[in-house]
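A structural walkthrough
These are the residues of each chain, in order.
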2 protein chains.
Amino acid sequence: MVHAAARDRPHRPPRTGDTRANRVNELVLIVEDEPEFSALLELWIGQAGYRTVPAGTGREALQRFHELRPDLVVLDVSVPVLDGWQVLERIREVSRIPVLMVTARSAEGDKVRGLRLGADDYMTKPIGFPELIARIEGALRRAHQPPPSRARELRHRALLIDLDDHRATLGGGELRLTPTEFRLLVFLVERSGQLVTHRQVLTGVWGAGYGTDVHLLRMTIRNLRAKLEAVAPGEAYIATEYGLGYRLTGPARPIPEPG
Amino acid sequence: MVHAAARDRPHRPPRTGDTRANRVNELVLIVEDEPEFSALLELWIGQAGYRTVPAGTGREALQRFHELRPDLVVLDVSVPVLDGWQVLERIREVSRIPVLMVTARSAEGDKVRGLRLGADDYMTKPIGFPELIARIEGALRRAHQPPPSRARELRHRALLIDLDDHRATLGGGELRLTPTEFRLLVFLVERSGQLVTHRQVLTGVWGAGYGTDVHLLRMTIRNLRAKLEAVAPGEAYIATEYGLGYRLTGPARPIPEPG
DNA sequence: GGGCCGCGTCAAGGAAACGTCAAGAACCCG
DNA sequence: CGGGTTCTTGACGTTTCCTTGACGCGGCCC
């Protein structure tokens, strides 16, 4: 997959430093009962540089699957003995390798069913060679790559917030925050060094309608302060701006990171 | 009375979870210049439980993308200022989040081009609601999943899971799990230490359409906990994240600690 | 320095999320 | 066509968290 896809791509793929070149011969299991179409698929996919194994029935497909551990499965819905749905289900109980379903029927209900069962893609006959290969390569590329580490993090002094994992640590010590406290802290850190008014915080963290409930805000600030204080005593993170709002102390607006 | 204003508003105003801090719902960026179709997409995707952000031009799309860091992008090919290809390319230079392309043109060359550039899927108008949602959910599910290791067994602390013959043992003791419990445990172990939201588990283990059935999830969690507890009393494996989801405790992803 | 308003604190009520029990429905196997 | 297992649904007790109230302290302004 590295080969063909990269060839006509103008830009370098981002940070795909993975240079394990030894997966040239990936194995594709082709489940299809019509001999002609099966042969055609084998020809096409083989031409694209993959090894192929055919299976004419659902049972045979599962046997081959367990025995050979293919890297990808092209699966026709209407195969005998066990139909495509059942095969997909059985495979998904054990593995998450890419499964591309192919069928003559284009009923939307079928597509949805297949996709919900965990199919990676759903194609209807007739299908052309380039598209088939493109979809196969796409599926394999995604499979080989680690999931998008969207690790969004915020930092402020010794504070570190992982937004995806919903975790906050202070100097290595874990902060056990309630959902509201967490949202409040995130709100403040995103505006670290800046003055934020009561109204801004209330509408931002609680939503419209809380704009005047300053007391509620004070309570949550208090709880948050207590938890920060427990982990890092003496460090004053949240400063009160008398009559206005609050401000996260420390280095003013850090340099915005690229991205 | 400090709370005079507070008393007059409805007791619990709708929690407009619109703040960026509240990231329980996943964010979908919709790039589409036809206002009608854009609105329709927003309606549909919003109904399925996602937050949406529209963008009418390619330039705006990139701005929104960098600014909001969406979890998924629905991208029309024919948007002005920068077309879909260019937007996709720019995104792929930086990120690997799922991008679903939509277009009126069904030329096969286009499909191949999109898929090679790294699009996760390619849909041609007209497209139906169920299929759209199914493809979105499929893409998100795959994005959140760890790469499909072909390993036949998983380990986590004293837990050992054999994927081939559906067996799970805890410190040598056999766990007799039902199919659903087994899938749930596998799902959690594959993400050990990470927070998984209710929605993620429900769509991942049960399939799309269960996204809001939290009660069902609680029941299964309970049964699974009971069986774990029976074999290893006192060991808390599944932690509850109040208001969010669950987390498998133990050797979590270590948090980078400065100094 | 005195009054006023804002702020922080302690404490308790109530709502939402969670865990639990139990019974009905769907399913699979023999 | 039963019997058993598993999945699903409903109702209820429990925990956690959010919200509200009352009170004392302290800064700000005249």
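Residues numbered from 1 in each chain as written. Chains lettered and ligands numbered in written order. Predicted model: local features only at pLDDT ≥ 70, side-chain atom pairs only at ≥ 80, totals over all residues.

When helices and strands are tallied, chain A shows 9 helices and 12 strands. Burial analysis of chain A (259 residues in total) assigns 33% to the buried set. At a minimum sequence separation of 6, the contacts of chain A that also span at least 24 residues come to 57%. (Helix = DSSP H or I, 4+ residues; strand = E, 2+ residues; numbered from the N terminus. Buried ≥ 20, exposed ≤ 12 C-beta atoms within 10 Å, placed from the backbone. Contact = placed C-beta atoms within 7 Å.)

Residues and elements named next belong to chain A. Remark: helix H7 (residues 179–189) packs on helix H8 (residues 198–206), axes separated minimally by 10 Å, with the N-to-C direction vectors making an angle of 130°. Comparing their axes, H8 and H7 come out oblique. In terms of crossing hand, the pair formed by H7 and H8 is right-handed. Each of Arg183, Leu184 and Phe187 in H7 lies in contact with H8, whose residues at this interface are Val201, Gly204 and Val205. Here the residues of the contact of H7 with H8 sort into 4 nonpolar, 1 polar and 1 charged. (Axes fitted to C-alpha atoms, helices over the stretch in contact; angles between N-to-C directions. Parallel < 35°, antiparallel > 145°, perpendicular 65-115°, else oblique. Left-handed = near helix turned anticlockwise from the far one by under 90°. Nonpolar A, V, L, I, M, F, W, Y, C, P; charged D, E, K, R; others polar.)

Inspection of the region around DNA strand C gives 17 residues, with Arg218(A), Arg222(A), Thr240(A), Arg222(B) and Thr240(B) positioned closest. If you list the elements that add at least two residues to the surface near DNA strand C, you get helix H9 (214–231) of chain A together with helix H9 (214–231) of chain B. Class assignment for the residues of the surface near DNA strand C results in 8 nonpolar, 4 polar and 5 charged. (Near = placed C-beta within 6 Å.)

Residues and elements named next belong to chain B. Taken in spatial order, the 4 strands line up as S6-S7-S8-S9 in an open sheet, and their pairing is antiparallel. Since the sheet does not close on itself, it has two edges, and those belong to strand S6 (153–156) and strand S9 (173–175), each with one partner. With strand direction ignored, the average angle separating the axes of adjacent strands in the sheet is 20°. Two elements, strand S7 (residues 159–162) and strand S8 (residues 167–170), share 4 bridges in a ladder whose sense is antiparallel. In the sheet register, Asp162 faces S8, and the bridge partner there is Arg167. Against the sheet, helix H7 (residues 179–189) engages S6, S7 and S8, with an angle of about 115° to S7. (Pairing = 2+ DSSP bridges.)

We now examine unusual backbone geometry. All names here are of chain B. Pro126 follows Lys125 through a cis peptide bond whose omega is -5°. Here the phi dihedral of Arg69 falls at roughly 50°; this positive angle occurs in a residue that is not glycine. Note on placement: Arg69 falls in the loop between helix H3 (58–68) and strand S3 (72–76).

A separate point is the sheet that holds strand S9 (residues 173–175) of chain A. Residues and elements named next belong to chain A. Taking strand neighbours across the sheet as the criterion, the 4 strands line up as S6-S7-S8-S9 in an open arrangement whose pairing is antiparallel. On the outer flanks of this sheet lie strand S6 (153–156) and S9, each paired with one strand and no other. In this sheet, neighbouring strand axes are inclined to one another by 25° on average, regardless of whether the strands run parallel or antiparallel. Here strand S8 (residues 167–170) pairs with S9 via 3 bridges, running antiparallel. Residue pairing in the sheet places Leu170 in a bridge with Gly173 of S9. The strands touched by H7 within the sheet are S6, strand S7 (159–162) and S8, with S7 carrying the most contacts at an inclination of about 115°.

What follows concerns the packing of H7(A) against H9(A). Residue and element names in this part refer to chain A. Packing of H7 against H9 brings their axes to within 10 Å, and their N-to-C directions diverge by 85°. The angle between H7 and H9 places the two elements in the roughly perpendicular class. Here Thr180, Glu181, Leu184 and Leu185 of H7 lie close against H9, whose contacting residues are Thr220, Asn223 and Leu224. Considering only residue class, the contact of H7 with H9 consists of 3 nonpolar, 3 polar and 1 charged.

Moving on to the pairing of S7(A). Residue and element names in this part refer to chain A. Taken together, the 4 bridges between S6 and S7 define a ladder with antiparallel strand orientation. Bridge pairing links His156 to Leu159 in S7. Two successive antiparallel strands, S7 and S8, enclose a turn made up of 4 residues, where His166 displays a positive phi of approximately 60°.

The subject of this paragraph is the nonpolar core. Of all hydrophobic cores here, the largest spans 68 residues; its most connected members are Val31(A), Leu75(A), Val31(B), Val73(B) and Leu75(B). Those residues in contact with Val31(B), other than ones at most four positions away along the chain, are Ala55(B), Ala61(B), Val73(B), Val74(B), Leu75(B), Asp76(B), Val79(B) and Val87(B). Listed in part, the 21 residues of the second largest apolar core include Leu159(A), Leu177(A), Phe182(A) and Trp206(A). (Core = buried A, V, L, I, M, F, W, Y, C linked by C-beta atoms within 7 Å.)

All right, on to the environment of Glu36(A) then. Residues and elements named next belong to chain A. Along the chain, Glu36 falls in helix H2 (residues 35–47). Taking the number of C-beta atoms within 10 Å as the measure of exposure, Glu36 has 8 and is therefore exposed. Spatially, the C-alpha atom of Glu36 lies 23 Å from that of Gln86, the residues being 50 residues apart in sequence.

Residues and elements named next belong to chain A. On the secondary structure map, Arg199 appears in helix H8. Exposure remark for Arg199: the 14 C-beta atoms within 10 Å place this residue in the partly exposed category. Along the sequence, Arg199 and Gly211 sit 12 residues apart, while their C-alpha atoms lie 4.9 Å from each other.

Attention now moves to the confidence of the model for chain A. Residues and elements named next belong to chain A. Overall, the prediction assigns chain A a mean pLDDT of 80, with 80% of residues at 70 or greater. In the model of chain A, helix H1 (residues 2–7) stands out as the element of lowest mean pLDDT, 34, in contrast to strand S1 (residues 27–31), which has the highest, 94. Below a pLDDT of 50 lies the segment residues 253–259, which in the model reaches 5 contacts outside its immediate sequence neighbourhood of four places, other chains included. (pLDDT = per-residue confidence, 0-100.)

With that settled, the discussion passes to the environment of Met101(A). Along the chain, Met101(A) falls in strand S4 (residues 99–103). The spacing of Met101(A) and Leu75(A) is 26 residues in sequence and 4.7 Å in space, taken between C-alpha atoms.

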